[in-house]
Amino acid sequence: MRFRIRPVETTFYDLFTESAQHLVTGADLLAQVLDMDVANSDIAERMREAEHEADETTHRIIKRVNSTFVTPFDREDIYALARGLDDVMDHMDEAVDSIVLYGITDFPEAFAAQVAVVQRAAQLTAEAMPQLRTMRDLEEFWIEINRLENEGDRNHRRLLAHLFDGSYKAMAVLKLKDIVESVESAIDAFETVANTIEQIAVKES
């Protein structure tokens, strides 16, 4: 009797692409809080919906791993990538939720630059996901995400310096610092995603 191995499950590529698209939506919603003409409560509601949809995609990835005999790459790497993408969305959701809960409408100037980093990282991640099928031309992705993470670190230091230079009252500093830290965590999570993809690419090469 011949032993037949089932073909590699390719649905993972579509699910990771879907997961990354949720990040683009989340990053755009985060950017909308800077627009004074849009109600932040409405943005928060849409972010909650986007975060819920992202969770559903993550659950589908995990379920698929647990029910698939042959995966396109190591199961632990699939889990790590799914968790990394989910973490980015959670941090963005946390930032938007805090903005609404605290009633923040005035942001330090450097905050817009930090949000732009998040948007750029989300777009690059969404563009990279379909390339997992071939594992080709991904090096530029993780190099650029690393550069963006360094840019985010510089923005973060400037934001903290501004928050503590006496321009804001103590309570405002505490509220803004929570938000700034959530955005910084989102950027760090993007780098974790990029590092995971680099590890996968090295293993598959």
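Here the residue numbering is sequential within each chain, running from 1 through the sequence in written order. Whole-chain, interface and lining totals are the exception, using all residues; otherwise, since this is a predicted model, local features are given only for residues with pLDDT of at least 70 and side-chain atom pairs are given and counted only at 80 or more. Just so you know, side-chain values use all the structure's heavy atoms and leave hydrogens and water out.

1. Considering a negative patch on the surface
- A cluster of like negative charges, contributed by Asp137, Glu139, Glu140 and Glu198, occupies part of the molecular surface.
- In this text, helices come from DSSP runs of H or I with a minimum length of four residues, and strands from runs of E with a minimum of two, each type numbered from the N-terminal end. Looking at the secondary structure, you find glutamate 198 in helix H6 (residues 170-204). Each patch is assembled from residues with relative accessible area greater than 30% and no salt bridge, linking like charges that lie within 9 Å and nonpolar side chains (Val, Leu, Ile, Met, Phe, Trp, Tyr) that lie within 5 Å. The Shrake-Rupley method, run with a 1.4 Å probe sphere, supplies the accessible areas, and residue values consider only the shown protein chains as cover. The working definition used for a salt bridge is a side-chain nitrogen of Lys or Arg within 4 Å of a carboxyl oxygen of Asp or Glu. For this count, His and the chain ends are skipped, Lys and Arg are scored as positive, and Asp and Glu as negative. Lysine's charge is taken at NZ, arginine's at CZ, aspartate's at CG and glutamate's at CD.

2. Examining the pattern of salt bridges
- Within the structure shown, the criterion is met by 10 salt bridges.
- The partner of arginine 60 in a salt bridge is glutamate 18, and the shortest N-O contact between them spans 2.8 Å. Of this pair, arginine 60 sits in helix H2 (residues 40-67) while glutamate 18 sits in helix H1 (residues 11-32), and the two are 42 residues apart along the sequence.
- You can call arginine 60 partly exposed: its relative accessible area is 42%. Burial classes follow relative accessibility: with a 1.4 Å probe on protein chains only, a residue under 20% of its type's maximum area counts as buried, one over 50% as exposed, and anything between as partly exposed.

3. Thoughts on unusual backbone geometry
- Even without a glycine there, the phi angle at methionine 135 is positive, about 60°.
- Tracing the sequence through the fold places methionine 135 in the loop between helix H4 (109-128) and helix H5 (139-163).
- Of note, the phi angle at aspartate 137 is positive, near 60°, even though the residue is not glycine.
- On the basis of relative accessible area, aspartate 137 is assigned to the exposed category, the value being 66%.

4. Some remarks on the side chain of asparagine 155
- By the element assignment, asparagine 155 lies in helix H5.
- For asparagine 155, a relative accessible area of 7% translates into the label buried.

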